[in-house]
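What the coordinates show
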Amino acid sequence: QVQLVESGGGLVQAGGSLRLSCAASGSTFSGYAMGWFRQVPGKEREFAAAIRWSGGSTYYADSVKGRFTISRDNAKNTVYLQMNSLKPDDTAVYYCAAARSAWAIYRWSEYDYWGQGTQVTVSS
């Protein structure tokens, strides 16, 4: 089992930045791909970014490409999402997830473990 805890969410003005962290406990996430998803009440969960174990392959939704950067520190069992140039429509609960074996890394059903989420609110 892997337990994931997100942190770093908050309120920021449009154009500002936030850095989200996802810390794993219970066991290491050695070999796991990691992803960030976001969800607005009443809407489907949306892929934001993902990263392979090696860190050499990253993936981004078109809506965040060029503004968000995903990274990981495997020694710390932590994955990050640096969010720059935030927009009001980035407002959502952001969830960290871990996938043991993900081919369609952008699909939420590929992931085995999920955090509880952290709220990001971007004011206009």
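Quick caveat, the model's predicted, so the values are computed rather than measured. (Residues numbered from 1 in each chain as written. Predicted model: local features only at pLDDT ≥ 70, side-chain atom pairs only at ≥ 80, totals over all residues. Heavy atoms only, no water.)

1. Considering the sheet that holds strand β8 (residues 78–83)
Here is the rule: Whether two strands pair comes down to DSSP finding at least two bridges between them. Strands are runs of DSSP state E lasting at least 2 residues, helices are runs of H or I lasting at least 4, and numbering of each runs from the N terminus. The axes are straight lines fitted to the C-alpha atoms, using for helices just the contacting stretch, and the angles between their N-to-C directions are given from 0 to 180°.
Taken in spatial order, the four strands line up as β1-β3-β8-β7 in an open sheet, and their pairing is antiparallel. Here the strands that pair on one side only, and so sit at the sheet edges, are β1 (3–7) and β7 (68–73). When the angles between neighbouring strand axes are averaged without regard to direction, this sheet yields 15 degrees. Of the pairings in the sheet, the one linking β1 to strand β3 (residues 18–25) comprises five bridges and is antiparallel in character. Within the sheet, the bridge partner assigned to valine 5 lies in β3 and is alanine 23.

2. As for the nonpolar core
The criterion, for reference: We call a set of buried Ala, Val, Leu, Ile, Met, Phe, Trp, Tyr and Cys residues a nonpolar core when their side-chain atoms join them within 4.5 Å. Throughout this description, buried means an accessible area under 20% of the type-specific maximum (1.4 Å probe, protein chains only), exposed means over 50%, and partly exposed covers the range between. For this analysis, residues touch if any pair of their heavy atoms sits within 4.5 Å.
Ranked by internal contacts, the top residues of the largest apolar core, which has 39 residues, are Leu4, Met34, Trp36, Leu81, Met83 and Tyr94. Among the secondary structure elements, those contributing two or more residues to this core are β3, β4 (33–39), β5 (46–51), β7, β8, β9 (92–99) and β11 (118–123). If one sorts the elements of this core by residue count, β9 sits on top with six residues. When sequence neighbours within four positions are dropped, the list of residues in contact with leucine 4 reads Cys22, Ala23, Ala24, Met34, Cys96, Ala97, Ala98, Tyr113, Trp114, Gly115 and Gln116.

3. A closer look at the state of the cysteines
One covalent bond between the sulfur atoms of two cysteine residues makes up a disulfide. Heads up, the rule is: For the purposes of this analysis, a disulfide is any pair of cysteine sulfur atoms at a distance within 2.5 Å.
This structure, assessed with the given rule, holds one disulfide. The disulfide partner of cysteine 22 is cysteine 96, and the gap between their sulfur atoms is 2.0 Å. Linking cysteine 22 and cysteine 96, the disulfide has an S-S dihedral of approximately -80 degrees and is accordingly described as left-handed. Highlighted residues: cysteine 22 in strand β3 and cysteine 96 in strand β9, separated in sequence by 74 residues. The class for cysteine 96 is buried, based on a relative accessible area of 0%.

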